[in-house]
Amino acid sequence: MVMGHGGGRGGFDHPRLRLAVLAMLVVGAFVALFSRLWFLQVLAAPQYRHLAKQNKVRIVYSEPPRGRILMSNDSVLVDNRASLSVTLDRALLKHPHRTTVVLHRLSRLLHVKVKDMRARIADAALSPYKPVPVANDVSQRAQSIIAEYHEHFPGVGIEQIPIRHYPKGHMLAQPLGYTNEISAAQLKEPYFKNARPRYQPGDVVGQSGVELSYDHYLRGRPGKTRLIVNSNGDVISRKTISHERAGNDLILSVDPHIQKVVDTALRSGIMTARRSGYTASAGAVVVLDPRNGHVVAMASYPWYDPSILANGVSEKDWKLLTGGPHANPDVVHPGFNLAIQGGAPPGSTFKVITAGAAMWSGVASPYTYLDCPASKVYGNQVFNNDVPYAQGVMGFPESLEVSCDTFYYQLGWEMQQRFGVTGYEGVQPPTLEQWGRQKHLHLPPGKQRFQKYARLAGLGHPTGIDLPGESSGTIPDQRWCHEQYLATRHLFSTPTCNYGWLPGYDVNMAIGQGDVQVTPIQMAVTYAAIANGGKLFAPRIASAIARPEHGQEKIVKRIKAPVVGRLPLDDQELQVIRDGLKLVVSSPKGTAYNAFTGFPLHRYPIAGKTGTAELLGTKQNDAWFLSYGPTTDPRYVVAVEVQKAGFGAVSAAPIARQIWEGIFHIDHNARVGSLSQGGFG
Amino acid sequence: MAQGLFGEAVDHIGGEPIAARMARRAPIRHVDPVLVATALLLAAFGAVMVYSATVHTQQAAGLDPAYFLKRQIAYAVIGAILMVAVNLFDYRHLRGLAPLVYAVNLLLLFVVLTPLGTASLGAQRWIDIGPLQIQPSEIAKLSVILTIGAYISLRKGEPLRLRDIAVCGAIALVPAALIYLEPDLGTMLVLAAITGAMLWVGGGRLRHFVLLALLAAAGTFLVIHMGLLKPYQIDRLTSFMNPHPNPRSSGYNLLQSKIAIGSGGLYGKGLGGAHTQTSLDFVPEQQTDFIFTAVGEQLGFVGAGTLLSLFALLIWRGLRIAAMARDMFGTLLAGGVVAFWAFEMFVNVGMTMGIMPITGIPLPFISYGGSSLITNFIAVGLLLNVHMRRYLAP
């Protein structure tokens, strides 16, 4: 036994025993270390491997230039221009004091509020690996000052950022829409969520108009770069996973010449109405090609210049465009596209619907003749004609020509009697007690042929145009009336429809008054169907997706307006309506005859219909004029609406005339067609 | 020629020729080759790891990638020379020299605190001598081992009285107090562990240890609640208990350390691999206190296990030498050295894996640092000295 010392002592005091105790402690320590090592490196290794990857790998997306938007002759409506942006390096933000100093200095230089810049920095939607843009479109002078005194602007950079540029100003402002950074809410919407490649926070996307509806084409494909970063956030290596690909161009079916004519005519028409003492708060024009359902021109006044939104949408801009959260619903704001979003009673332009419904339902035929007295009495209510004298017995063409209201009251009344929503074929209408008490009234479906025809003709539901935010309009029926009653019965002393659906409602609807509401695009679609033999289109304002190649646009995809319905009328039935519409313009008795005096109708035959919807309690009307031409081979439908103006024949028809003159290149000042050059061979 | 009891010439003892007996007992024949080999292997392992942990950050900074490697090798060479030098004389001479060593060490610890000392990372721990930096707190570990060993061996194997324990405590406390001022909490704890282990091996009574434990508990309580520790020190000591740290805290560093080791898996990511936790600088102090994370990440369970096994071998040889020593002083020296290594190894490795508090304790032989490496080699030398001379007369 090797034993140097202490051999004399025994028991617990022996040094070797005490060393053994020490040794056991050491063994315990090793057991602890080995088991912990086993846990970390074998049992928990996958989890830690994942965390290690999260530590170092960052994916950064680069936004490609957005596609341009062109008109049918490839002239540019929207493209991109470089904006000088002031950016802040994220490294600077680690020093709060220095950030404050720099922000205040920038604020004085750029006249941007520190608060606004801080809001941009704090925006969680921005990529943490790109410099934060705090001010856009800075002046050259500011740029050179920052460059010259860069030591006073640590972490401040100047970057060229592509922003939207609108060389045509307000032209087509609302249909084009605008772009802005995608919001957190938008990222969750199916339109953005299901798109591939995925949208990323910070992406600039369309917020309205075709910028929104064709965003998938315009956005292009973002570049994807994989970064390896160290603990400091420094980029150690970068690898491009996919290159960015510029967005496709969008070509609209809009004809630049006609669009320009439309803008001028609408503006001057509204100014004329205002000089005549009307409010003329807003107006809209749609020009549609009835052969293919494409939008040739579209305007909604008041309009705005989208350039103000190119640098991002501020609260002020938003208020200007939409009136903000407490907007007055009676005021049309510039961001509102009256052509597709406004609902208004169509007045007598609706008579083509009533005529069609009467022939389709069987209460009338193309050869029906009805009296046109000064007034009619249904139940205990008197319904007056437009003019205070009787106009005699007439057929469909003449009823449209002179716009006889009593003629159409009679048709509405008869449809109500035979196929209406109350008291037909032995079915009892709901009693007033049931009307008010029951939440879900069991309503006999009824045939409601008048309403059904109006829906078949494209009203009461969106047309399906390729623009977001289209409104449905209203074709009132019993169910709608009940819903309105339930919604308003606690609001007003006399709620809407508080007597249930009354037969008079159908009589009133027959001349486009009351609760019926339509949009200009809906009316344009239904008049296009009359002109083209019955085809109802879901209109398209875009005609193609293209890529610029060797200075020319190469079509990638053509966009066609689908036919979504057909007027249930035969040729004879359509023909009497068309005949009437022609007389409106050409016959001396026609309501639009005066408006088209001197127009070369023999060369460019136009058909149309005036409409005047009285606004309750005011001396102002919604003025309408729907027209198509040339009647021999209809190429255009022109729908004009002016809100809070005079009669359709006075406030709307002249605008249409100016547009037709523009379309056919007729010099307004020259006499009858002498200088008409363009036209149709 | 030796002379017998009656003046006769003696050339045999117990039937063995004296020359043969002297040769058999010659110290040089009793070198512990396993200990030497283990120490050199550990030092080589450490040099490789120091290089692997620093090469990327050095390259990224445009500096000499082998800077740390070269220095660590130089320290190892100096250490190895000192290891041999320590064996040129009988360790028992150190018993007499211990007070001198202790005094010089105290002086150096004092100098550190004067403007002659240099500070780094908020702690003043070094003295610059030309191109060299020495860290007297490292030397303190050895000087305390020597001094306590010398004191206890005066008791000639008698059980220690309370007074002896108090004296030994004082021997450790004076340098510990100076080290506290640097501050260097880790070294204080190492000194406490060494003192405790040596008192135990030297014959401290169980009831005295109970008393010491109570004192230590009370002391810890007072230290924390009297503000003797800075907030960051408390944060570091307690962060290993918090599994969800916030970034920029020491707990975050610990999480990064665990991620590094855990992501190494069974076989590791390979020495010097790019884009690792280590090379991307996610782990703090990765060539010094946290070097075990580089081992775990790059060499995996296999490599880290091998390293721990080398430590087990080292500590086993130390315990064996303590048991075989020819006198109490030798046993105490060896026991102190074993306690020193075992404590540092356990606390350091445990810290990187989140089972021990974060304290600035290096991993013996592996962590980058001259004073530490040289001290470790001198400690090996002391063990070898005790081992070689175990057959000489007590």
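Parameters and conventions
- Residues numbered from 1 in each chain as written.
- Chains lettered and ligands numbered in written order.
- Predicted model: local features only at pLDDT ≥ 70, side-chain atom pairs only at ≥ 80, totals over all residues.
- Heavy atoms only, no water.
- Helix = DSSP H or I, 4+ residues; strand = E, 2+ residues; numbered from the N terminus.
- Domains from an automatic or database assignment.
- pLDDT = per-residue confidence, 0-100.
- Pairing = 2+ DSSP bridges.
- Salt bridge = Lys/Arg side-chain N within 4 Å of Asp/Glu carboxyl O.
- Buried < 20%, exposed > 50% of the residue type's maximum accessible area, 1.4 Å probe, protein only.
- Expected span 1.5 Å × (residues − 1).
- Contact = heavy atoms within 4.5 Å.
- Axes fitted to C-alpha atoms, helices over the stretch in contact; angles between N-to-C directions.

Caption draft 1: A look at unusual backbone geometry. Of the consecutive residues Tyr301 of chain A and Pro302 of chain A, the connecting peptide bond is found in the cis state with omega at 5°. Counting through the fold element by element, Pro302 of chain A comes out in the loop between β12 (295-301) and α12 (315-322). Of note, the amide linkage connecting Glu182 of chain B to Pro183 of chain B takes the cis form, showing an omega dihedral of -5°. Examined against the element boundaries, Pro183 of chain B turns out to sit in the loop between α6 (162-181) and α7 (185-201).

Caption draft 2: Molecular detail of the domain arrangement of chain A. Domain parsing of chain A yields domain 1 (63-223 + 240-252) and domain 2 (347-519 + 526-531). Here the C-alpha centre of domain 2 of chain A lies 50 Å away from the C-alpha centre of domain 1 of chain A.

Caption draft 3: Representation of the confidence of the model for chain B within the structure. For chain B, per-residue confidence averages 87 on the pLDDT scale, and residues scoring 70 or more make up 95% of the total. The least confident element of chain B, judged by mean pLDDT, is strand β1 (residues 2-3) of chain B at 68; the most confident is helix α12 (residues 328-352) of chain B at 95.

Caption draft 4: Looking closely at the pairing of strand β3 (residues 76-88) of chain A. All names here are of chain A. Alignment of strand β2 (residues 69-70) against β3, held across 2 bridges, turns out to be antiparallel. Across the sheet, Leu70 pairs through a bridge with Val76, a residue of β3. From the end of β2 to the start of β3, which pair antiparallel, there are 5 residues, and Asp74 there has a positive phi angle of about 65°. Across 10 bridges, the pairing between β3 and strand β5 (residues 156-165) is antiparallel. Its bridge partner being in β5, Ser83 is matched across the sheet by Ile161. In terms of strand pairing, β3 meets strand β4 (residues 132-135) through 3 bridges, oriented antiparallel. Along β4, the bridge assignment pairs Val86 with Ala135.

Caption draft 5: Layout of the pattern of salt bridges. Residue and element names in this part refer to chain B. Using the criterion set out here, one finds 19 salt bridges over all chains in the structure. Of the charged contacts in the structure, one is a salt bridge between Asp327 and Arg92, with a shortest N-O distance of 3.7 Å. With a gap of 235 residues between them, Asp327 in the loop between α11 (291-324) and α12 and Arg92 in the loop between α3 (67-85) and α4 (93-113) connect regions that are remote in the sequence. Ionic pairing is found between Lys141 and Glu138, a salt bridge with its closest N-O pair at 2.9 Å. Of the two residues, Lys141 and Glu138 both sit in helix α5 (residues 136-153), 3 residues apart, roughly one turn of that helix. Exposure class is identical for Lys141 and Glu138. Each is buried.

Caption draft 6: Inspection of helix α23 (residues 648-663) of chain A at higher detail. Residue and element names in this part refer to chain A. If you check α23, its first and last C-alpha atoms are 21 Å apart, about what 16 residues at 1.5 Å a residue would give, namely 22 Å. For α23, a buried count of 12 out of 16 residues is recorded, marking the element as mostly surrounded by other parts of the structure. Inspection of α23 places Gly648, Ser651, Ala652, Ala653, Ile655, Ala656, Arg657, Ile659, Trp660, Glu661, Gly662 and Ile663 among the buried residues, and these make up the whole buried set. In the core, the buried residues of α23 are packed alongside α11 (256-275), β11 (282-288), β21 (607-614), β22 (621-629) and β23 (636-645). Remark: His665 follows α23 within two positions and exhibits a positive phi of approximately 55°.

Caption draft 7: Spotlight on the sheet that holds strand β5 (residues 117-120) of chain B. All names here are of chain B. Across the sheet, which stays open at both edges, the 3 strands sit in the order β5-β6-β7 with antiparallel pairing between neighbours. The open sheet has two edge strands, β5 and β7 (132-134), and neither has a second partner. Neighbour-to-neighbour, the strand axes of the sheet open up by a mean angle of 45°, direction not taken into account. Bridge count between β5 and strand β6 (residues 123-129): 4 bridges; the pairing is antiparallel. Directly across from Ala119, in β6, lies its bridge partner Gln124.

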